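Below are the chains, spelled out letter by letter.
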Amino acid sequence: MAESMEASTRTPGPRRHETLAERLDRNWNELLQEFRVAQTGIQILFGFLLIVPFQSGFTEVDSRQRWVYLFVFACTTIATICILAPVMAHRILFRQKLKDSLVRLGSALAMASLAFLGAALVGAVAMIVSVVLDTTAGWIAGIATLAVVLVLWLATPLAMRGDRDLDEVDTGR
């Protein structure tokens with residue numbers, strides 16, 4: 001019995017026995033958990049970026065580094081807006097029987113937010129390394145960070161998904 005239960009948790013078995021409303025509620029709750037995890041990291045980075053220009057050492061940053069800073073700040077701002085937008089949409093759409101649309105919107109905005117967060121992380125690493133070492137090292141560090149983000153956030157999940165249809169993955173059908 002324990003073996004069959006263990007095997008069923010590892011392999012895709014029969015679909016869940018839930019109504020459409022139950023599935024949408026579950027998907028929305030799973031999205032909310034993802035939002036909470038991502039939002040914490042985004043808020044920490046955003047808070048740090050808000051104070052950087054007001055530090056005395058910021059005057060020593062060259063013009064290229066300032067543009068990288070502004071890129072990172074813009075990406076983090078957009079990531080923040082994207083991760084919070086589903087909350088506002090939920091408030092506006094509450095009890096309108098549009099949960100399916102809300103789940104799809106939330107999923108798309110979560111992906112957008114993470115894409116902008118990934119870009120912000122790449123830029124932040126490149127900028128910090130360029131300030132600490134030099135421009136070449138900053139580029140190398142930024143490219144290495146981009147590679148890690150692409151492998152762990154995109155390539156690995158896509159490989160795990162295999163041939164499954166994107167719509168099937170997003171909605172749990």
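The structure we're discussing is the one just above.
Going along each chain's sequence as written, the residues are numbered from 1 onward. Under the rules for a predicted model, residues below a pLDDT of 70 receive no local features and side-chain atom pairs below 80 are neither given nor counted, while totals for whole chains, interfaces and linings still include all residues. As a rule here, side-chain values come from all non-hydrogen atoms in the structure, and water together with hydrogens is ignored.

Asker: What am I meant to see in the side chain of Gln65 here?
Answerer: In this description a helix means any DSSP run of H or I spanning at least four residues, a strand means any run of E spanning at least two, and both kinds are numbered starting from the N terminus. By the secondary structure assignment, Gln65 is in helix H3 (residues 63–93). In this description, contact between two residues means that some pair of their heavy atoms is separated by no more than 4.5 Å. With sequence-adjacent residues up to four places away left out, Gln65 is seen in contact with Met127, Ser130 and Val131.

Asker: Which parts of the structure should I look at to understand a nonpolar patch on the surface?
Answerer: Only residues above 30% relative accessible area that lack a salt bridge enter a patch, with like-charged residues linked at up to 9 Å and the nonpolar side chains Val, Leu, Ile, Met, Phe, Trp and Tyr linked at up to 5 Å. To be clear on the numbers: accessible area is Shrake-Rupley with a 1.4 Å probe, and residue cover counts the displayed protein chains and nothing else. The rule for a salt bridge is simple: a side-chain nitrogen of Lys or Arg has to be within 4 Å of a carboxyl oxygen of Asp or Glu. Taken together, the side chains of Leu114, Leu121, Leu146, Val148, Leu150, Val151, Leu152, Trp153, Leu154 and Leu158 define a hydrophobic patch exposed on the protein surface, amounting to about 830 Å² of accessible area. Contributions of two or more residues to the nonpolar patch are made by helix H4 (99–132) and helix H5 (135–161). The leading source of residues in the nonpolar patch is H5, at 8 residues. The topology assignment puts Leu121 in helix H4.

Asker: Sorry if this is basic, but what is going on with the pattern of salt bridges here?
Answerer: A side chain with one charge may pair with a side chain of the opposite charge, provided their charged atoms come close. The full count for this structure, using the stated rule, is 3 salt bridges. Residue Arg26 pairs with Glu30 through a salt bridge whose shortest N-O separation is 3.4 Å. In this pair, Arg26 and Glu30 are both assigned in helix H2 (residues 20–51), 4 residues apart and thus about one turn of the helix distant. For Arg104, the salt bridge identified is with Asp100, shortest N-O distance 3.9 Å. Pair noted here: Arg104 and Asp100 are both in helix H4, with a separation of 4 residues, about one helical turn.

Asker: It is not clear to me how H2 should be interpreted in this structure. Could you clarify?
Answerer: Along an α-helix, residues three or four apart share an orientation, since each turn contains 3.6 residues. The span expected for a helix works out to 1.5 Å for each residue beyond the first. Its 32 residues give H2 an end-to-end C-alpha distance of 46 Å, which sits within 8% of 46 Å, the value for a rise of 1.5 Å per residue. Residues of H2 that are buried: Arg23, Leu24, Arg26, Asn27, Trp28, Leu31, Phe35, Ala38, Ile42, Leu45 and Leu49. Only protein chains enter the accessibility calculation, which uses a 1.4 Å probe; a residue is then buried when its area is under 20% of its type maximum, exposed when over 50%, and partly exposed in between.

Asker: Where do I start with the packing of aromatic side chains in this structure?
Answerer: Here the distance between the centres and the angle between the planes together describe a pair of aromatic rings. Stacked, tilted and edge-to-face are the three classes assigned to paired rings of Phe, Tyr and Trp, where Trp is represented by its six-membered ring and a pair needs centres within 6.5 Å; plane angles under 30 degrees give stacked, over 60 edge-to-face, the rest tilted. In total, this model carries 3 aromatic pairs according to the counting rule given. Seen in terms of ring centroids, Phe46 and Phe73 are 5.6 Å apart; in terms of plane orientation they differ by 15°. Their pairing is stacked. Here Phe46 is found in helix H2, whereas its partner Phe73 is found in helix H3, with 27 residues between them in sequence. Here Phe46 falls in the partly exposed class, since its relative accessible area comes to 21%. Given the relative accessible area of 25%, Phe73 is considered partly exposed. Judged by centre distance (6.1 Å) and plane angle (15°), the rings of Tyr69 and Phe73 are stacked. With Tyr69 and Phe73 both in helix H3 and 4 residues apart, this pair spans about one turn of that helix. We classify Tyr69 as buried; its relative accessible area is 6%.

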